[in-house]
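Summary of structural features
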Amino acid sequence: MASTTEQPKAPKARRPRDMALSMLVLIVPVFLIVAFYRYLGHETPPTVDTTEVYASVQRAGKFQPLRPEGLPDGWRIASATFTGGVLRIGVTAPDNGAVQVVEGADPATVLVPAIVGAHPHDDGETTIAGLQWHRYSEGRPGERAIVQESGGRTVIIVGQAKESQLAELATRLRA
C-alpha cells in the first residue's frame, strides 16, 4: 500500500496592503470615539476639590492658608498638595499658562531658592491689592514669580504665565 502524505502548504505571504487595511479598521473606531467624546463637551478637565488639602493645612497649624476664590472663567484649580509643611495649589490660567501658588511657614530666603530657582533675577517690588509683592524672573527658564511674606507665611505665585495673570491670581487669594 502506498501512503500519500500531504505536504503542509507554505503560509501565504502578507502584503503591505493587508496591513494597511487592518490598521484602518482599528483607527477608524478610535477617531469616532474621540470625536464623539469632544462632541459631548468632555474636553475640559475637571477642577480639583481642595477641601481635604486645606483641612490638612489647618490641622498642621503652621500658618493660615490663602485660598484662590472667585476665579474668573477660564481659570481652573488643577492640583492641590500639602507635604513637608508646604501647600501647593496648581492653577491653569486661561491661555493654558501653568501657575502654582506655594505657601509655607518658612521665610522667603528659604522658599524662594527651593521654589523659584537658585538664582532668579530680582525685578523689584510691586503693589498688588494693597500688599507689597517682590517680583522675580528667570529662576527657571520662562517662569516668573511674585513673593509676599507676612503674618508668619510666605506666599509664592510662580509659573509660565503673564505677569498680569500672576497679579490677577494674587488678588483672588483670601484667608
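Anything mentioned here points back to the structure above.
Residues numbered from 1 in each chain as written. Predicted model: local features only at pLDDT ≥ 70, side-chain atom pairs only at ≥ 80, totals over all residues. Heavy atoms only, no water.

**A closer look at the packing of aromatic side chains**
- Under the defined criterion, the tally for this structure stands at one aromatic pair.
- Between Phe-63 and Phe-82 the ring centres are 6.5 Å apart and the planes differ by 65°, which places this aromatic pair in the edge-to-face class. In this pair, Phe-63 sits in the loop between α2 (51-60) and β1 (67-68) while Phe-82 sits in strand β2 (residues 76-83), placing the two residues 19 residues apart along the sequence. For the pair shown, Phe-63 and Phe-82 are each scored as buried. (Phe/Tyr/Trp six-rings, centres within 6.5 Å; stacked < 30°, edge-to-face > 60°. Helix = DSSP H or I, 4+ residues; strand = E, 2+ residues; numbered from the N terminus. Buried < 20%, exposed > 50% of the residue type's maximum accessible area, 1.4 Å probe, protein only.)

**A few points about the sheet that holds strand β8 (residues 153-159)**
- With antiparallel pairing, the seven strands of this open sheet are ordered in space as β2-β3-β4-β8-β7-β6-β5. Every other strand in the sheet has two partners, leaving β2 and β5 (121-128) as the edge strands with one partner each. Taken pair by pair, the neighbouring strands of this sheet meet at an average axis angle of 20°, ignoring direction.
- Here strand β3 (residues 86-92) pairs with strand β4 (residues 98-104) via seven bridges, running antiparallel. When the sheet's bridge partners are listed, Ile-89 is paired in β4 with Val-101.
- With respect to the sheet, α2 is in contact with β2 and β3, its orientation differing from that of β2 by roughly 30°. (Pairing = 2+ DSSP bridges. Axes fitted to C-alpha atoms, helices over the stretch in contact; angles between N-to-C directions. Contact = heavy atoms within 4.5 Å.)

**What about the pattern of salt bridges?**
- By the definition in use, this model includes five salt bridges.
- Notably, a salt bridge pairs Arg-15 with Asp-18, separated by 3.7 Å at the nearest N-O pair.
- Measuring nitrogen to oxygen at the nearest pair gives 3.0 Å for the salt bridge that ties Glu-163 to Arg-135. Placement of the pair is Glu-163 in helix α4 (residues 163-171) and Arg-135 in strand β6 (residues 131-137), with a sequence separation of 28 residues.
- For Glu-163, a relative accessible area of 34% corresponds to the partly exposed category. (Salt bridge = Lys/Arg side-chain N within 4 Å of Asp/Glu carboxyl O.)

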